Each structure stands twice: as C-alpha cells, then as structure tokens.
Amino acid sequence: MSMKLAARVAQVTPSMTLAIDTKAKAMKREGIDVISFSVGEPDFDTPAHIRTAAEIALEQGKTRYGAAAGEPKLREAIAQKLQRDNGLCYGADNVLVTNGGKHSLFNLMLALIEPGDEVIIPAPFWVSYPEMVKLAGGTPVIVPTTLESGYKITPEQLRQAVTPKTKLFVFNSPSNPTGMVYTPDEVRALAQVVVEQNLLVVSDEIYEKLLYDQAEHLSIGAVNPDIFERTIVSSGFAKTYAMTGWRVGFLAGPLPLIQAATKIQGHSTSNVCTFAQYGAVAAYEAPQDCVQQMLQAFSERRQIILEFINAIPGFNCPKPDGAFYVFPNIAQLGISSIDFCNGLLETQQVAAIPGIAFGADDCVRFSYATDVESIRRGMERLTTYVKSLA
Ligand SMILES: *Cc1c(COP(=O)(O)O)cnc(C)c1O
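Residues numbered from 1 in each chain as written. Predicted model: local features only at pLDDT ≥ 70, side-chain atom pairs only at ≥ 80, totals over all residues. Heavy atoms only, no water.

**Notes on the sheet that holds strand β3 (residues 118–123)**
Worth spelling out the cut-off: Being paired, for any two strands, means DSSP has found at least two bridges between them. The helix count covers DSSP runs of H or I at least four residues long, the strand count covers runs of E at least two residues long, and both are numbered beginning at the N terminus. Axis lines are fitted through C-alpha atoms, for helices just across the contact stretch, and the angle between N-to-C directions can take any value from 0 to 180 degrees. What makes two residues a contact is simply this: any of their non-hydrogen atoms within 4.5 Å.
Strand order across the open sheet formed by 7 strands is β2-β8-β7-β6-β5-β3-β4, with mixed pairing between neighbours. Because the sheet does not close on itself, it has two edges, and the strands there are β2 (95–98) and β4 (139–144). Neighbour-to-neighbour, the strand axes of the sheet open up by a mean angle of 20 degrees, direction not taken into account. Strand contacts of helix α4 (residues 72–86): β2 and β8 (249–252), with the helix running at about 115 degrees to β2, the strand carrying the most contacts. Here helix α5 (residues 100–112) sits on the sheet and contacts β2, β5 (166–172), β6 (200–204), β7 (231–236) and β8; the angle it forms with β7, its principal contact strand, is near 155 degrees.

Shown next, in the form of structure tokens:
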C-alpha cells in the first residue's frame, strides 16, 4: 500500500543537527573515541534543589492532569521573573507553560500565522524557526547577515525585508548558532523598526543568562510601551538550569494571543508534566548560585576554545559573547560546511554541525558545553584537520 502523506511533511527539512549527532553516536557505540561539539545542551546535571522540588511534588501526588496553561504557581513565578529580571509587566494570565521553548514557538506560530503571512528570520538562524513557520502555512523570509556585522541583522535590513504580508519578526539574542548578543542600542534600533512597520516580534530569550565579558541582555519588549504590545517572549529552563530533558518552557505576551495558544495546547499536549513544573518553580524561586557556577564553567571553556579557534588559519570567528557556541566562518578554506564536517568526523572523529543547517554554508558550529579536557583534545584534532586541507 502506498500511503499519501500530508503535503506539509514534504515542505519540512529534517533536522540536520540530529543526523550528524546520530552518526557520531553510532561511531561511539562501535568503540571509536569520538569528541563531540555537536550537542546544544549543558553537560551538567540539573541542580539538586530543582530535582528535590520535583521529587517532593511527585511524593505529594502532583501526578494528575493540571490546567492546560500550567500550574498557577509556575505561571506566577514566571510572571514575577519577567518583571524582576526583564522589566516586562506581565501577570500570570499572560504566561503559557509549554513543553520546552521549542513547543512555545510552535504554539505561537500555529496561533498567529496563516497561509500568505511572511515571517522575517535573520540567518544564521536556529534550525526550527523556518520549519515551524512552514508547518503553520506561512512563508519564512530569510535575511542573510554578514560576518562584518557580527551576524546581526541591521535595522535597515529589517526594514527592507518588510512587505505588506509581513506579520512577525523572529529575534534571538543571545543567538544559537552564532553566540552573538545584540547590544541594548541595537535592540532599541530594531524595536523602532518593528513599531514603525507595524509588525509583531517574537523574542527567543532562552540564552539570556549565558553572557560573558561585558555583554548585556535587553528584552526587546522592555524598550517602550509600543514595542511591549507587539512582543511575544519565548523562553524556557533547559539551557539556564541544565533541564533539557524536563521539557518546561513558556510563552508570554498579550492576553488574546496567550489564550489562543492555550486553546491550541489544550487540544494537543495539554499540560506540561505536572511535577516537572514544580522543579521549574524551584529554579526561579531559589537563589541563582547554580546559574553562576555553570556560567563560570562555560566562561572558562569559552576562553580555551576561542584560543584554539582564533589560531586556526582560514578560520574567521567574531567573538561570541553569549550562549555556548562558537561559529567560525570557513569561507577561506573553499569547502562546503557539510564536506568540512563529514571530513572532520571521518578523519579525526570530531563532531560539529555544518552551518548550512542554520542557513550559513560558510560556517561551522562548535558547542563548548563539554568538559575542558575534551575541548583541548578535540581542538587539537580540529587544528590537524584544517592543516590537512591546505
Ligand atoms: C534550545 C533552544 C530552544 C528551546 O529548547 P527547549 O529544549 O525546547 O526548551 C529554543 N530556541 C533556541 C535558540 C534554542 O537553542
């Protein structure tokens, strides 16, 4: 029997980050000493007090269906966090608890985007943005940025990409894959274009706490009341609290939009795992020392990986000041990002993600969310590999 699948499936590109990862894991299973810079997740355990809070919730019987929009306690804790840390005046009603940040963006696209709607996405972009827009029936409008601009979209580029069909601008700072952080002035300038062009913006702030050197995070919605009305925030606990497997994230924004997204979630996943939500409450309500400790570790690793990366001839890497990625440009080597990564994995057993997955074929992404020893060994192998290409 030949089964005719829905046309939307053919429009979606499978996740390339997963393909390399699968190959690397298969090699590892065969006993090969693979060093992986491919995974975009912290290598730390979830902090103990967060695990304990979830265990207590489990013991207390928080094991049943809950409200689709999330446990009231967590929605309140998120609203307070957004007020306290981000200067965003949301109440608990403005918050939808989702199965991770990815799911919050998916709910948003389904609630907002219709066939014909255009969504502006600066490249390099996080792999799922364009695919989610397509699944919602919309049209992703990719705006390539340059090495010279530090892979940041300029206000002029944003303005030029707007058409009468543009509905939404997808903004991600700190960025996955580039690690770049927009300065407060850059954020303000983009906010002005969003308001002037009558757009909406979704701000993916999942890496907001992972900042280095003097980098500062400004939530675009906090710039002024006009942009606040046009902003939807997407974030989650995965990256800041090493909670990738817990699947807790959130969407915050204007009430009608949150209600619409809640309606969609109510017919798809319903509530997020109830006891996991209590772990998330503890993550926000307890002192933030665990975040500082992980940040310190990331910061040391970043110094080490940058020293190696900057010394590699043919690599050109603007200094990333957020998240846990470096994204060198390899254009000078005259090789596609896929060929580069395949060769690196096959000859040196080092896994990295080809930039083409993020809409930038002249770049490669290395995640430094791994131990220092592996970083050193992996970077030595990378150096050998690049020399062999010359
Ligand atoms: C990891 C990530 C997310 C969401 O991750 P979840 O595990 O679904 O919470 C969203 N946006 C970016 C840019 C990410 O890197």
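**What to know about the side chain of T145**
Worth spelling out the cut-off: Any pair of nitrogen or oxygen atoms within 3.5 Å is treated as a polar contact; in protein, a donor-acceptor pairing is required on top of that, and neighbouring residues in sequence qualify only through side-chain atoms on both sides.
Note that T145 resides in the loop between β4 and α7 (155–161). Side-chain polar atoms of T145 contact the backbone oxygen of A123, separated by 2.7 Å. In terms of polar contacts, T145 uses its side chain to reach the backbone carbonyl oxygen of Y151, at 3.5 Å. With sequence-adjacent residues up to four places away left out, T145 is seen in contact with P122, A123, P124, Y151, K152, I153 and Q157.

**Some points on the site of the ligand**
The line we're drawing: We call a residue near a given molecule or strand whenever any one of its heavy atoms falls within 4 Å of it. Per-residue accessibility takes into account occlusion by the displayed protein chains alone, with areas from the Shrake-Rupley method and a 1.4 Å probe. All amino acids are sorted into three groups, where Ala, Val, Leu, Ile, Met, Phe, Trp, Tyr, Cys and Pro are nonpolar, Asp, Glu, Lys and Arg are charged, and the leftover types, Gly among them, are polar.
Around the ligand, 13 residues are found, and the nearest of them are G101, D204, Y207, K239 and R247. One of the side-chain nitrogen or oxygen atoms of D204 is found 2.6 Å away from a nitrogen atom of the ligand. A distance of 2.7 Å separates an oxygen atom of the ligand from a polar side-chain atom of Y207. Coverage of the ligand by the protein amounts to 93% of the 390 Å² it exposes when considered alone. When residues in the shell around the ligand are grouped by element, the largest group, 3 residues, is from α5. Residue composition of the shell around the ligand, grouped by class: 5 nonpolar, 4 polar and 4 charged.

**Observations concerning the nonpolar core**
Rule in force here: Nonpolar core, defined: a set of buried Ala, Val, Leu, Ile, Met, Phe, Trp, Tyr and Cys residues in which side-chain atoms within 4.5 Å join the residues together. To sort residues, take the accessible area from a 1.4 Å probe on protein chains only and compare it with the maximum for the residue type: under 20% means buried, over 50% means exposed, and anything in between is partly exposed. Either an automatic procedure or a domain database provided the assignment from which the domain bounds are taken.
Residues I305, I309, F315, F340, F366 and L382 are the most contacted members of the largest nonpolar core, which totals 74 residues. If you tally residues by element for this core, the top one is helix α12 (residues 289–310), at 7 residues. Here this core gathers at least three residues from each of two domains, domain 1 (7–46 + 289–389) and domain 2 (48–285). Judged by nonpolar contacts, the second largest core, of 26 residues, contains I50, V95, A280 and Y284.

**Considering the domain arrangement of the chain**
Going by this rule: Once two parts are put together, the accessible area they lose, assessed with a 1.4 Å probe and summed over both, is termed the buried area. Put simply, a salt bridge is a Lys or Arg side-chain nitrogen that is within 4 Å of an Asp or Glu carboxyl oxygen.
Segmentation of the chain into domains returns domain 1 (7–46 + 289–389) and domain 2 (48–285). Taking only C-alpha atoms into account, the centre of domain 1 sits 25 Å from that of domain 2. Both sides together, the interface formed by domain 1 and domain 2 hides about 3100 Å², and carbon and sulfur atoms give 63% of it. Here domain 1 and domain 2 share 2 salt bridges between them. Put simply, D213 and R302 hold a salt bridge, and the shortest N to O gap is 3.1 Å. Counting the contacts that link domain 1 with domain 2 gives 18 residue pairs in polar contact (both at pLDDT 80 or more). Ranked by residues supplied to the side of domain 1 that touches domain 2, first place goes to α12 with 8 residues.

**Here's the deal with the packing of helix α3 (residues 48–59) against helix α11 (residues 274–285)**
Inclusion rule: Any angle that is under 35 degrees is reported as roughly parallel, and any over 145 degrees as roughly antiparallel; angles of 65 to 115 degrees are reported as roughly perpendicular and all others as oblique. Two helices crossing with the near one rotated counterclockwise from the far one by less than a right angle form a left-handed crossing, whereas a clockwise rotation gives a right-handed crossing.
Two numbers describe how α3 lies on α11: the axes approach to 7 Å, and their chain directions differ by 140 degrees. By the angle between their axes, α3 is oblique relative to α11. Classified by chirality, the crossing of α11 by α3 is right-handed. The segment α3 lies against α11, with H49, I50, A53, A54, A57 and L58 engaging F275, Y278, G279, A282 and A283. Taken together, the residues of the contact of α3 with α11 break down into 9 nonpolar, 2 polar and no charged.

**As for the sheet that holds strand β9 (residues 325–326)**
Taken together, 3 strands build an open sheet; the order of strands is β9-β12-β11 and the sheet is antiparallel. A single partner strand is all that each edge strand has here, and the edge strands are β9 and β11 (353–354). Bridge count for β9 against strand β12 (residues 364–367) is 2 bridges, and the pairing is antiparallel. Note on β12: the bridge partner recorded for V326 is F366.

**Some thoughts on the packing of aromatic side chains**
Where two aromatic rings form a pair, the distance of their centres and the angle of their planes describe that pair. Going by this rule: Aromatic pairs are defined between Phe, Tyr and Trp rings, using the six-membered ring for Trp, whenever the two ring centres lie within 6.5 Å; interplanar angles under 30 degrees are classed as stacked, those over 60 as edge-to-face, and all others as tilted. We count a charge as sitting over a ring when the NZ of a lysine or the CZ of an arginine lies within 6 Å of the ring centre and within 35 degrees of the ring normal.
Tallying each qualifying case throughout the model produces 18 aromatic pairs. Ring geometry for F237 and Y284: centres 4.5 Å apart, planes at 45 degrees, overall tilted. Taken together, the positions of F237 in the loop between β7 and β8 and Y284 in helix α11 put the pair 47 residues apart, joining distant regions of the chain. With a centroid separation of 5.1 Å and an interplanar angle of 75 degrees, the aromatic rings of F340 and Y385 are classed as edge-to-face. With F340 in helix α13 (residues 337–348) and Y385 in helix α14 (residues 372–389), this pair connects stretches of sequence that are 45 residues apart. Assessed through its relative accessible area of 0%, F340 is described here as buried. Directly above the aromatic system of Y182 lies the positively charged group of K152, at a separation of 5.7 Å from the ring centroid.

**Side note on the environment of I206**
Within the element layout of this structure, I206 appears in the loop between β6 and α9 (225–229). As a C-alpha pair, I206 and E285 span 79 residues in sequence and 18 Å in three-dimensional space. Leaving out residues up to four positions away in the same chain, I206 has contacts with G101, S234, S235, G236, K239 and T240.

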